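# Observations on the three-dimensional arrangement
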Amino acid sequence: MTNAVTAGRLPGTAPTTPEQARRTWPRTAALGAALIVLAVLALTWSVGPQLLLGGAGALAVLRGAALLRAARTGEVTRTGAAGGAVAVWFGVLALLVALVSATATGWVLVAAVVLVPTALAVAATGRAAAAGLGVALLAGAVVLGTVGGADALLATGRVAAAVLAGVVGLADVAAAVGLARLARRPEPAPAAGCGGCACSAGGCGAAALR
């Protein structure tokens with residue numbers, strides 16, 4: 001599910017022009033819609049949690065593969081390529097767990113409820129806040145497991161994971177709406193003295209080196 005946070009974009013390539021937004025918003029909308037559907041299924045169907053984990057794993061594999069392809073063409077850095085490889089690895093692992101065991105799926109979702117918000121806090125506010133959030137979530141899971149037992153912990157993890165996936169999906173849909181609006185804007189006019197002939201070749205600087 002962490003991969004969904006990218007909102008269908010490659011790291012470091014957030015759309016800044018109408019052309020980029022036109023290429024990105026359909027993928028972002030599809031990702032958000034898929035997460036929302038998986039979240040609803042996880043809450044309403046007995047095999048929904050396995051579908052949620054398997055679907056999230058499949059999405060992670062697709063995004064990781066896209067990062068690796070972009071790395072080969074120089075669109076992302078080595079860090080992005082490493083993130084893509086990790087996404088593919090964990091995506092395949094999630095798919096295997098979802099196919100093999102409902103109980104193991106439940107425990108993976110419990111772990112995701114602790115780790116995913118912590119990872120988001122790292123990206124948004126820094127490590128100190130993330131550490132506090134991670135400790136609080138872990139402590140809550142331990143208390144719930146001690147008081148209510150493993151079944152209560154697994155049931156709570158299922159609901160929390162579904163809610164988390166739904167929230168991320170809604171965020172992606174909202175991002176897609178913003179990108180669609182950007183896509184409708186006219187392309188900016190070339191700078192004065194520029195005929196635009198070198199833009200497709202990487203810019204005037206690149207053309208001048210030839």
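Along every chain, residues carry numbers that run from 1 in the direction the sequence is written. pLDDT decides what is reported in this predicted model: residues at 70 or higher carry local features, side-chain atom pairs at 80 or more are listed and counted, and totals for whole chains, interfaces and linings draw on all residues regardless. To get the side-chain values, take all heavy atoms of the structure and skip hydrogens and water.

To continue, consider the nonpolar core. Residue types Ala, Val, Leu, Ile, Met, Phe, Trp, Tyr and Cys, when buried and joined through side-chain atoms within 4.5 Å, form a set referred to as a nonpolar core. Burial classes follow relative accessibility: with a 1.4 Å probe on protein chains only, a residue under 20% of its type's maximum area counts as buried, one over 50% as exposed, and anything between as partly exposed. By size, the foremost hydrophobic cluster in this structure holds 13 residues, and its most contacted members are Ala-42, Leu-52, Leu-53, Leu-109, Ala-161 and Ala-165. Every helix listed is a DSSP run of H or I at least four residues long, and every strand listed is a run of E at least two residues long, numbered separately from the N terminus. Breaking this core down by element, the ones donating at least two residues are helix H1 (18-44), helix H2 (48-72), helix H3 (78-100), helix H4 (102-125) and helix H5 (127-183). Every residue pair with non-hydrogen atoms within 4.5 Å of one another is taken to be in contact. When residues no more than four places from it in sequence are discounted, the contact partners of Leu-52 are Leu-38, Ala-39, Ala-42, Leu-109, Ala-161, Ala-162 and Ala-165. Listed in part, the seven residues of the second largest apolar core include Leu-31, Ala-112, Val-116 and Val-168.

For the rest of this paragraph, the subject is the packing of H2 against H3. Angles run from 0 to 180 degrees between N-to-C directions of axes, and those axes are lines fitted to C-alpha atoms, restricted for helices to the stretch in contact. Contact geometry for H2 and H3: axes closest at 7 Å, N-to-C directions at 155 degrees. By the angle between their axes, H2 is roughly antiparallel relative to H3. Taken as a pair, H2 and H3 cross one another with a handedness that is left-handed. Each angle is binned into one of four classes, with values under 35 degrees roughly parallel, values over 145 roughly antiparallel, values of 65 to 115 roughly perpendicular, and all other values oblique. For any pair of crossing helices, the crossing counts as left-handed if the nearer helix is rotated counterclockwise from the farther one by less than a right angle, and right-handed if it is rotated clockwise.

Turning next to the confidence of the model for the protein. Residues with a pLDDT of 70 or more make up 66% of the protein, whose mean pLDDT is 75. Per-element averaging of pLDDT across the protein places helix H6 (residues 204-208) at the bottom with 46 and H2 at the top with 87. Ignoring residues within four places in sequence, the model shows residues 2-13, a span with pLDDT below 50, making 37 contacts including any to other chains. For every residue, the predictor assigns a confidence score, pLDDT, that lies between 0 and 100.

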